[in-house]
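Listed below are the residues making up each chain.
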Amino acid sequence: MTDATRDACITGIGIITCLGEGPEATWQKLNSGEINVDDKTYAPFSIHPLGPVDFDKQIPKKGDQRQMEAWQRIGTYAAGLAIDSAGLKGNTEILSRTDMIVAAGGGERDTAVDTTILSAMPATNDPDKLLNEKLMSDLRPTLFLAQLSNLLAGNISIVHGVTGSSRTFMGEEAAGVNAVRIAVSRINAGQSEIALVGGSYNADRKEMMMLFEFASSLLRGGHAGVWDRGEHGGLVPGSLGAFLVIESRGHAEKRGAKIFACISDVMAERPKRTARSVTTVLQQMWQRIANKIDKRSAAVLSGATGAEPATREEREFLKGLGGLPVRATATYIGQALEAQFVVNVAIAAIALGHGNLFPPHDKSGLEQPMSDQLKQVVVTSVGYWRGEGMALIRAA
Amino acid sequence: MAATRDKAGRPIVVVTGMGVVTSLGAGKTENWQKLTAGQSGIRSIKRFPTTGLKTTIAGTVDFIDVDPVCAPTLATRFADLAVDEAVSQSGIGSKGNFPGPLFLAVAPVEIEWPQRIDLAGAAMTKGQVSYEGIVKAAGSGKYAKYNDIFLFGSVADAIADKYGTQGSPISLSTACASGATAIQLGVEAIRRGETDAALCVGTDGSVNAESLIRFSLLSALSTSNNPPESASKPFSKNRDGFVMAEGAGALVLESLESANTRGAKILGVLAGCGEMADAFHRTRSSPDGKPIIGCIRNALDDAGITPQDIEYINPHGTGTPENDKMESKGVMTVFGDRAKSIPMSSNKSMIGHTLSAAGAVEAVFTLLTMETGRIPPTINYNTPDPDILLDVVPNKARDASARYAISNSFGFGGQNVSLVMAREPA
C-alpha cells in the first residue's frame, strides 16, 4: 500500500463467547485449554453455550432488551464492548459517521407457536385457516423485528448511536468475510474512515439445529477437537458475538487511539464445491500473500468448522505450508456462521497483542507448539457449506 | 471524448443494462407500457388461502412457476429473469462469464410452512409435534434439498453460478432499502477501481402467509382489499398502509471508460449515493426528519450537485401514513420552495412495495423515466393530503425531461438510502 495513513487498523475489540467476555478472559481460557460445552440439551449433538453475561452493562434499557431476541442481545452487547474498547462510547461526533457492516442470519422463531400449530394440524379439516388464525393470534407483533436480519444493526444504531451507515450482509460464513473485506477496502480507498464490523450467533436454537441437520451437519456423540472428528466430521454450534472497530491509521493516530493490530489482504472466494476445490482456492489465496509472510513469526488461525469434506481439504492446504503453526478456534468456540470470521480476526488481534500463540488442542498432530514471537496471523474461512476467505492480520 | 472521471476524480459509473420483473409483467417493455398507462398489478392473493386475514391483496408475480413455491425459489427465478434481461442488453462479458462481482439484495431466508408441515408429519408422536422430533426427522436424509434452498447465500449462489460473476457474491439486507444498497455497493466497488463492472440486483418473492401476517401485525399493510387495484394510495389523505409485492430489478453497472471502450449504449449514470442510519426507533423515523434529510443531502453531495439540479423524485412513497408524512417533510426541507414544482411519483401505487427488490426496481424505473422523458403517475390519488403539498403526478403519466433524478429507499431498522441518477455523464 502506498499511503500508510490508509492502512486499516483494529482499534476496538468486542468479544463474548462460551469462554467468557473480553480479550483477557478469552485469552486465559484459550491458554488453559478449557472447553465449555453443553452435550445434554441437544444430545446426541453438542453446543457451546454463551458464557455468563449481564446484558444491562451494554444495553441499559430493559425496554430495548425486550425488543430483541438472544442473537440481537449478544450482538448488541458485543458491539458495545467494541465501542468501549475503542474509547468511543458516547462519542456522538465519531459514532454518527461510523460505517457499520453487520454479518447476520435470521432471528429466533417462537418454537412454541410452531409446535402448537403443527400439533393441531392433523385434527383440522381446514389447515390453511388454522394456520392463518393461529399466526394472527399467537405471533408476537414485535417478534418480526427480532427476526429480521438487519435489525441487529438497527438495534446497535438505537442502543449505541452508530448512524454513519448501516449495512447487513447475509449468506452464512461468507457474510462475515465480505463484511470485513468491504470495510477494509472502503478504508483503504478513502471511502470510509472508521467502521464497526461484526456479527453474532445464538447456538441455543432448535430451528437452527434442524437447518444444520438437513445435511446431517452436526457432530454426534460429544465434543472433540475440530481436527479429531472422524470421517463424517460435524459442527458444534457456538453462541458468540464479535465486533471490531476498524479505522484508517490516519484517523486512529489523529485521535490517539490504541492500535491492537492491522488488517490487510482480505479475500473472499466462492469455488464451486467439488473434490479438492477448497484446497485449491486456499492455495490460490495464499499465493497472493505468500511474499508478505515471515514464516518465523507467522501462524494460521483456521476457520475450520469440523464439517467434512471441507475440513479435510483445508487440512491438506495447511499441511503444505511448511510447518507453519496452526490453531482452529472452533474447537473452543464452535460454529457461529456469519460471526465466525470476525471472531477469528478478533482472536488473531488478541494473540498479536500478547505476541504469542495459545497451545495446540489437537490429537491429530496438525497443531504444533509455537515458541517464537507472533507478529503475523493469517485467518482463514472455510464455510461448512460455502464461504472461503483469508486475511492477513499484523502486529501493530 | 468527455472525461471518464467525476468532479471528485472517481471513475464515472454508468448503467449499460437493466432488467425488471414485477406483478405487471416480465421485462422493461411490458412494465413500462403498463406503468405509464397507470395500470395496477395489485390483486387478490391466489397463492394461499387468505381466510381470516385482514389483508388479502398483494402484488404477486403470478405468471411464473417454481417448485417448491417458497420465497428463495421465487426470488431466484425473478432475479434470473431480470439479470438475463440486463446482461443481454448490456452485451458485457460472455455467456456465463460476467466480468465483475454480484451484489444481491434478498429477503432473509428460512424454511416455510409447507416444509415445516412436511417435517412435522414425520415428527408426530402421540399426536404431538416437538422440535426434538423435527430435528430428528430433518437428519433422516430425506430433506437434504432443504439445506441448499434455505441457506441465506443460496439465491446469490444460483445467480453467481449461472452468470459467472467474479469472487464471492454479497447477499445483503437493509430491509426495504436493500435494492438501493446493492447498487451503492456496486458503485463503490467501481469507484475503488476494483472492477470495471458490477451486477446489482434486488429480488423478493416473499408473499406468503406468515410474511404477510408479520407485516399485518405491525399494522403496516393496507386493508383496502376491494378493489385491490385501489389499495395502494401513496400521499393520499386516506392512505392506510403499503401493499406487499414481489419482483426483481437488475442493473449492469460499468465504469464509463469501460462502456466507452466497448461502445456500449449508456442508459444513465449512477451519479451519487447517500445513506444515513436512524437511531430513533425500530420502525419509525426520527420525528425531526434529520436522517432522511441527511440521507438525501449526502446523495446530492456525493453526486456533486445541488437540490436545484434535481428534476424528478422517485420517492419511497409506500402509502403508509408514517412514511409519506416523513418523506414529504424531508423533501420539503431539502428542496425548499422548489419542492412543490418537482414531479414526485410513486411507482408503488401500481406495483406495490417490492420490499428487498424495491430500490433496484425503482432505480430501473427512474432511469426509464429519464430515458423516455415520460413520468409514470401516482395512481389512486383522489383525496390529497393537505399536509403534503407536492406534485405527485396524480393519476396520469406526463411528459417531462429530467437531467437528474433521485430515488429514495427507507426501511425498518433505521435504514435510509438515496440514489442520484443522471441522464448522461456530466
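Conventions adopted
Residues numbered from 1 in each chain as written. Chains lettered and ligands numbered in written order. Predicted model: local features only at pLDDT ≥ 70, side-chain atom pairs only at ≥ 80, totals over all residues. Heavy atoms only, no water. Helix = DSSP H or I, 4+ residues; strand = E, 2+ residues; numbered from the N terminus. Rg over C-alpha atoms; globule rule 2.2 N^0.38 Å. Buried < 20%, exposed > 50% of the residue type's maximum accessible area, 1.4 Å probe, protein only. Contact = heavy atoms within 4.5 Å. Lys, Arg positive; Asp, Glu negative; His and termini not counted. Charge placed at Lys NZ, Arg CZ, Asp CG, Glu CD. Domains from an automatic or database assignment. Buried area = accessible area lost by both parts, 1.4 Å probe. Salt bridge = Lys/Arg side-chain N within 4 Å of Asp/Glu carboxyl O. Polar contact = N/O pair within 3.5 Å; in protein donor to acceptor, adjacent residues only side chain to side chain. Nonpolar A, V, L, I, M, F, W, Y, C, P; charged D, E, K, R; others polar. Disulfide = S-S within 2.5 Å. Phe/Tyr/Trp six-rings, centres within 6.5 Å; stacked < 30°, edge-to-face > 60°. Pairing = 2+ DSSP bridges.

(A) Focus on the overall build of chain A. The secondary structure content of chain A amounts to 15 helices and eleven strands. Taken over the C-alpha trace, chain A has a radius of gyration of 21 Å; the compact-globule value for 396 residues is 21 Å, and the two agree within 12%. On the principal axes, the C-alpha backbone points of chain A span a range of 70 × 55 × 40 Å. The proportion of buried residues among the 396 residues of chain A is 66%. For chain A, long-range pairs separated by at least 24 residues make up 80% of all intrachain contacts whose partners lie at least 6 apart in sequence. Each charge sign in chain A was given a centre, from 41 positive and 43 negative side chains, and these centres are 3 Å apart.

(B) The domain arrangement of chain B, seen in detail. Residues and elements named next belong to chain B. Each domain of chain B was delimited in the assignment, giving domain 1 (13-110 + 150-411) and domain 2 (114-148). Each of domain 1 and domain 2 has a C-alpha centre, and these two points are 37 Å apart. Domain 1 puts seven residues into the contact, and the matching count from domain 2 is five residues. Between domain 1 and domain 2, roughly 500 Å² of surface is buried when both sides are summed, and carbon and sulfur atoms account for 42% of that area. Arg116 is the salt-bridge partner of Glu210, the closest N and O atoms lying 4.0 Å from each other. Across the domain 1-domain 2 interface, the total number found is two residue pairs in polar contact (both at pLDDT 80 or more). Among the residues making up the side of domain 1 that touches domain 2, the classes are represented as four nonpolar, one polar and two charged.

(C) Main features of the state of the cysteines. Residue and element names in this part refer to chain B. Summed over all chains, the structure comprises zero disulfides over all chains. Sulfur of Cys200: no disulfide; nearest cysteine sulfur belongs to Cys273 and is 9.4 Å away. Taking relative accessible area as the criterion, Cys200 reaches 0% and is therefore assigned buried.

(D) Focus on the packing of aromatic side chains. For the coordinates displayed, the defined rule picks out 13 aromatic pairs over all chains. Ring centres of A:Phe55 and A:Tyr77 lie 5.7 Å apart, and the angle between their planes is 90°; this geometry places the pair in the edge-to-face category. Placement of A:Phe55 in the loop between helix H1 (22-32) and helix H2 (62-66) and of A:Tyr77 in helix H3 (residues 70-85) is noted, with a sequence separation of 22 residues between them. Of the two residues examined, A:Phe55 and A:Tyr77, each falls in the buried class. Measuring from centroid to centroid gives 4.9 Å for A:Phe144 and B:Phe215, while their planes differ by 90°, and the two rings are edge-to-face. Here A:Phe144, found in helix H7 (residues 143-147), pairs with B:Phe215, found in helix H8 (residues 209-217), and the two come from separate chains. In this structure B:Phe215 comes out as buried when scored by relative accessible area, which is 8%. Each residue in the set A:Phe144, B:Phe215, B:Phe242 and B:Phe412 is aromatic and connected to the rest through ring pairs, giving one cluster.

(E) Here's a closer look at the pairing of strand S10 (residues 376-382) of chain A. Residues and elements named next belong to chain A. By the criterion of burial, S10 is predominantly enclosed, with seven of the seven residues buried. Burial along S10 is two-sided: the face carrying Gln376, Val378, Thr380 and Val382 and the face carrying Val377, Val379 and Ser381 are both buried. Bridge count for strand S8 (residues 298-302) against S10 is four bridges, and the pairing is parallel. Along S10, the bridge assignment pairs Leu301 with Val379. Two strands pair when backbone bridges link them, and S10 and strand S11 (residues 388-395) are joined in this way by seven bridges, in the antiparallel orientation. Bridge pairing in S11 links Val377 to Ile393. Where S10 folds back on S11, the antiparallel hairpin that results is connected by five residues, among which Gly387 adopts a positive phi of roughly 115°.

(F) Quick look at unusual backbone geometry. Between A:Glu308 and the following residue, A:Pro309, the backbone shows a cis peptide bond with an omega angle of 10°. Tracing the backbone shows A:Pro309 in the loop between S8 and helix H13 (310-319). The phi angle at B:Ser219 is positive, at roughly 55°, despite the residue not being glycine. Positionally, B:Ser219 belongs in the loop between H8 and strand S10 (247-255). Of note in the backbone geometry, B:Asn380 takes a positive phi value of approximately 60° without being a glycine. Secondary-structure assignment places B:Asn380 in the loop between strand S13 (374-375) and strand S14 (398-399).

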